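Next come the chains, spelled out residue by residue.
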Amino acid sequence: MLTRFAPSPTGYLHLGHAHAAAQAFGFGPCLLRIEDIDKTRCRPEYRTAIYQDLDWLGFDWPIPVRIQSQHRGAYLDVIDNLKERGLLYRCFKTRAQLQDAPPAPLPEAEIQTRLENKEPFAWRLSIEKCQARVKSTLTYEDTEQDKTVDLSQLDDIVVGRKDIGTSYHIAVTHDDMIQNITHVVRGADFIDQTPYHVLIQHLMGWPTPIYHHHALLLRDDGEKLSKRHSDTTIRSLRENSLTARQVLDMSAP
Ligand code: GLU
């Protein structure tokens, strides 16, 4: 078995990450992956900080670490593959326009006009088209219970973002496949993403790992911890002379 811890270097790791790392590294053999495809938010100095903080907490991982920003071409190839099979469509809508109506493919003539006007667009997965390719219900194994994905309940998600050309969904499923991940251990806040990952795996003929969604560490007021709450970063706790053991104990819910 093989799992992975896959933080995004968008800020310093906080107690919630210490908890997530303990879950993943404690589950079994575990890789570290840096999910930094979003160049608008990720910074190299946060990647270095991730290594330092995880090392200080006492985790170790095999080298080399997979750094997603170095594999953009592989993700674009997946998008091209889906595109060539007619499973994607261009979406020119802005976030505000999507509030009024769900995304839908446009007539060819309108697409051409918009392309000529150099309007930016995202690539969306057409669930309708997917329904012709895979079964209408897919199953996957979750450590809690076996789960069913009902395609009719899914939305046409963005798989190629306007700004970066690719997306989390494509990068994460591609890398779980290429790194032979057998168990995906991640926070319960990703549970709604998993059906889309299972769908992409079926479309691409990739194996579906077993999923384990662990409980999230919540603040005292019940809110999820986030990078905005810098008072709980691992480094600030370290600077306040806490030991790694104390920080890991604090991070256990
Ligand atoms: N990169 C995601 C994060 O920063 C984790 C995604 C996953 O584990 O699938 O939380």
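The structure we're discussing is the one just above.
Quick caveat: nothing in here was measured; it's all calculated off a predicted structure.

About the thresholds
Residues numbered from 1 in each chain as written. Predicted model: local features only at pLDDT ≥ 70, side-chain atom pairs only at ≥ 80, totals over all residues. Heavy atoms only, no water. Near = heavy atom within 4 Å. Polar contact = N/O pair within 3.5 Å; in protein donor to acceptor, adjacent residues only side chain to side chain. Areas by Shrake-Rupley, 256 points an atom, 1.4 Å probe, with all protein chains shown as cover. Axes fitted to C-alpha atoms, helices over the stretch in contact; angles between N-to-C directions. Helix = DSSP H or I, 4+ residues; strand = E, 2+ residues; numbered from the N terminus. Parallel < 35°, antiparallel > 145°, perpendicular 65-115°, else oblique. Contact = heavy atoms within 4.5 Å. Nonpolar A, V, L, I, M, F, W, Y, C, P; charged D, E, K, R; others polar. Pairing = 2+ DSSP bridges. Salt bridge = Lys/Arg side-chain N within 4 Å of Asp/Glu carboxyl O. Buried < 20%, exposed > 50% of the residue type's maximum accessible area, 1.4 Å probe, protein only. 1 Å grid on protein atoms, 1.4 Å probe; cavity = no way out; pocket = protein on both sides within 12 Å on 5 of 7 lines; lining within 4 Å. Points joined across faces, edges and corners; volume = space filled by probe spheres on them. Right-handed = clockwise from strand over helix to strand, strands pointing away.

**Looking at the site of the ligand**
Taken together, the neighbourhood of the ligand is formed by Arg 4, Ala 6, Pro 7, Ser 8, Glu 35, Tyr 168, Val 172, Arg 186 and Phe 190. Between the ligand and Arg 4, the relevant distance is 2.8 Å, taken from an oxygen atom to a side-chain nitrogen or oxygen of the residue. Here a nitrogen atom of the ligand sits 2.7 Å away from a polar atom, N or O, in the main chain of Ala 6. In the complex, 82% of the free accessible area of the ligand, which totals 300 Å², lies under the protein chains.

**A word on the packing of helix H1 (residues 15-27) against helix H10 (residues 244-251)**
One can describe the packing of H1 onto H10 by two numbers: an axis separation of 8 Å at closest approach and a directional angle of 90°. Of the possible angle classes, the one that applies to H1 and H10 is roughly perpendicular. In contact with Leu 15, Ala 18, His 19 and Ala 22 of H1, H10 contributes Val 247, Leu 248, Met 250 and Ser 251. Classifying every residue of the contact of H1 with H10 gives 6 nonpolar, 2 polar and no charged.

**Looking at the sheet that holds strand S1 (residues 3-5)**
Strands belonging to one sheet form pairs held by backbone hydrogen bonds; the direction of such a pair is parallel or antiparallel. Read from one edge of the open sheet, 3 strands run S1-S2-S3, paired in parallel fashion. Sheet topology places S1 and strand S3 (66-67) at the edges, where each strand pairs with a single neighbour. Both S1 and strand S2 (residues 30-34) contribute to a ladder of 3 bridges, which runs parallel. In the strand pairing of S2, Phe 5 is matched with Leu 32. Set on the sheet, helix H2 (residues 44-57) makes contact with S1, S2 and S3; between it and S2 the angle comes to about 155°.

**Re the pattern of salt bridges**
Counting across every chain of the model gives 15 salt bridges. Close ionic contact of Asp 249 with Arg 245 constitutes a salt bridge, the shortest N to O distance being 3.1 Å. With Asp 249 and Arg 245 both in helix H10 and 4 residues apart, this pair spans about one turn of that helix. Its relative accessible area of 54% is what places Arg 245 among the exposed residues.

**Focus on the side chain of His 213**
Looking at where His 213 falls in the secondary structure, it is placed in strand S10 (residues 210-214). Within the structure, His 213 has its side chain in polar contact with the side chain of Asp 142 (distance 3.1 Å). The contact partners of His 213, leaving out residues within four places of it in the chain, are Asp 142, Arg 186, Gly 187, Ala 188, Phe 190, Ile 191 and Thr 194.

**Thoughts on the layout of surface pockets**
The computed volume of the second largest pocket comes to approximately 520 Å³. In terms of lining, the second largest pocket is formed by 17 residues, of which the most central are Arg 95, Arg 124, Ile 157, Val 158 and Arg 161. Secondary structure elements with two or more residues in the lining of the second largest pocket: helix H4 (95-100), strand S5 (122-125) and helix H7 (168-178). When grouped by side-chain class, the residues that make up the lining of the second largest pocket number 7 nonpolar, 4 polar and 6 charged.

**Overview of the pairing of S2**
Looking along a regular strand, one sees side chains alternate from face to face of the sheet. Counting buried residues along S2, 5 of its 5 residues qualify, which places the element largely inside the surrounding structure. Burial along S2 is two-sided: the residues Cys 30, Leu 32 and Ile 34 and Leu 31 and Arg 33 are all buried. Following the backbone out of S1, through H1 and into the adjacent parallel S2, one traces a crossover that is right-handed. Pairing geometry for S2 and S3, over 2 bridges, is parallel. Its bridge partner lying in S3, Ile 34 is registered against Ile 67.

**Details of H7**
At 3.6 residues per turn, the α-helix brings residues three or four places apart onto the same side. Within H7, 8 of the 11 residues are buried, which leaves the element mostly enclosed by the surrounding structure. Backbone geometry just after H7 places Asn 180 at a positive phi near 55°.

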